Amino acid sequence: MAHNSKIVIHPGMVKSATTSLQEQVYARHPGIVFLGLPAAIPEAKAAIRQICRSDSVYYDEAAVAAALQPIAAAAGDRTAVLSYENFALYESKDKGLVADRLQKLFPEARILFTIRRQQDLLAAWYLQKLQKYLRKGHFLGFEEWYAIKADLPHRSILDDLRYDRIIDTYAARFGRDNVSVLLFETLRQDTAAFCNDLGEVLALQGMDIATLLAERQANPTIPKNLLSLGATLFPLLPRALSRRLAKTLLRRGGPPAKIAIGPEVDAAVAALCAEGNRRLAENYGLPLAEHGYSL
């Protein structure tokens, strides 16, 4: 998987993996020049956000290039990594438009994707978003939350679960041989193997990456007791009291909450993703069946 390019673009898709790599590896590895957020240079920060947020009417291609290309060019023997978790998420203006902009900026870049079993990603996304509801004294059950998102899927994480479409979009622009796909499950279950694969993509030593990742902080999530109280007690309490209770329990932490995806949602996600997952497994040699992906 060796490559000549010293520019690697890592669009998001699994925010927890992207954030861990950004904070623990990309921003700290001496062999990497990190182009991501938080950015030390204000112009770079604005440029990165422009790529995924600006309407085409307002997008300033020249300004973005002027902010980012010189940083990458000055990397020398190091690898420049451009990574932002919203590049490939529904929260961007348009995922294909973002890919076009990135290709114009760095046409020789190598592309890295990290993916996660869609049902697990959906559950994790719900728990992440639920925090803001609980902090305001509200509780929204998973089934209710899913129904709201399914009503407008193009404005939710459901729009991002067909990984094959997004990955194909980048492969068409950068070339299939310049696209690598790593699994979140490997990061969790065999960190050494993940780091070795990541090291190949970045042209860096996997052991150095493993050392940095070993220091990573656990991704904060809702504690199990808060999820239980939110469902049973919050509807009975004044909102002000619910807010205080939620903030207190979030600070204390505890065993993380887990969401069991019911058969109806599981089937809906499988219908959306299975065909694309089969193509990904075949085209990229990914062991998706071993990790329970819908196929």
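Refer to the structure above for everything that follows.
Below is a summary of the structure that appears in this document. Note that this is a predicted model, so its numbers are computed, not measured.

## Regarding the environment of Tyr163
So, point 1. Tracing the backbone through its elements, the reader meets Tyr163 in helix 7 (residues 163-174).
So, point 2. Put simply, Tyr163 and Cys273 are 110 residues apart on the chain and 7.9 Å apart in space, counted from C-alpha to C-alpha.

## Some details on the environment of Trp145
So, point 1. Note on placement: Trp145 falls in helix 6 (residues 142-151).
So, point 2. For Trp145 and Ile261, which are 116 residues apart along the polypeptide, the C-alpha to C-alpha distance reads 12 Å.
So, point 3. Each residue touching Trp145, except ones within four places of it in the same chain, is listed here: Leu122, Trp125, Tyr126, Leu140 and Ile157.

## A few points about the packing of helix 5 (residues 118-135) against helix 12 (residues 239-252)
So, point 1. Following both chains from N to C, one finds helix 5 and helix 12 inclined at 135°, their axes separated by 8 Å at the closest point. Between helix 5 and helix 12, the angle falls in the class oblique. Between helix 5 and helix 12, the residues in contact are Gln131, Leu134 and Arg135 and Ser242, Arg243, Ala246, Lys247 and Leu250, respectively.
So, point 2. Per-class residue counts for the contact of helix 5 with helix 12 are three nonpolar, two polar and three charged.

## What about the pairing of strand 1 (residues 7-11)?
So, point 1. Within strand 1, five of the five residues are buried, which leaves the element mostly enclosed by the surrounding structure.
So, point 2. Strand direction decides the pairing type here: strand 1 and strand 3 (residues 79-84), joined by five bridges, are parallel. When the sheet's bridge partners are listed, Pro11 is paired in strand 3 with Tyr84.

## Topic: the nonpolar core
So, point 1. Counting residues in hydrophobic clusters, the biggest one holds 75 residues, and the most contacted among them are Leu68, Phe87, Phe106, Phe113, Ile115, Ile167 and Tyr170.
So, point 2. With seven residues, the top contributor of residues to this core is helix 5.
So, point 3. Counting residues in hydrophobic clusters, the runner-up holds 22 residues, among them Ile32, Leu182, Phe194 and Cys195.

## A short note on the packing of helix 7 against helix 13 (residues 263-284)
So, point 1. The interhelical angle for the contact between helix 7 and helix 13, taken along N-to-C directions, is 45°, at an axis separation of 8 Å. Considering the angle they form, helix 7 stands oblique to helix 13. On helix 13, the residues touching Tyr163, Asp164, Ile167, Asp168 and Ala171 of helix 7 are Gly276, Arg279, Leu280 and Tyr284.

## Focus: the sheet that holds strand 2 (residues 32-36)
So, point 1. Sheet architecture is open: five strands sit in the order 2-3-1-4-5, paired in parallel fashion. The sheet is open, and its two edges are formed by strand 2 and strand 5 (179-183), each paired on a single side. Within the sheet, the average angular offset between the axes of one strand and its neighbour, ignoring direction, is 25°.

Reading the values: the criteria
- Residues numbered from 1 in each chain as written.
- Predicted model: local features only at pLDDT ≥ 70, side-chain atom pairs only at ≥ 80, totals over all residues.
- Heavy atoms only, no water.
- Helix = DSSP H or I, 4+ residues; strand = E, 2+ residues; numbered from the N terminus.
- Contact = heavy atoms within 4.5 Å.
- Axes fitted to C-alpha atoms, helices over the stretch in contact; angles between N-to-C directions.
- Parallel < 35°, antiparallel > 145°, perpendicular 65-115°, else oblique.
- Nonpolar A, V, L, I, M, F, W, Y, C, P; charged D, E, K, R; others polar.
- Buried < 20%, exposed > 50% of the residue type's maximum accessible area, 1.4 Å probe, protein only.
- Pairing = 2+ DSSP bridges.
- Core = buried A, V, L, I, M, F, W, Y, C linked by side-chain atoms within 4.5 Å.

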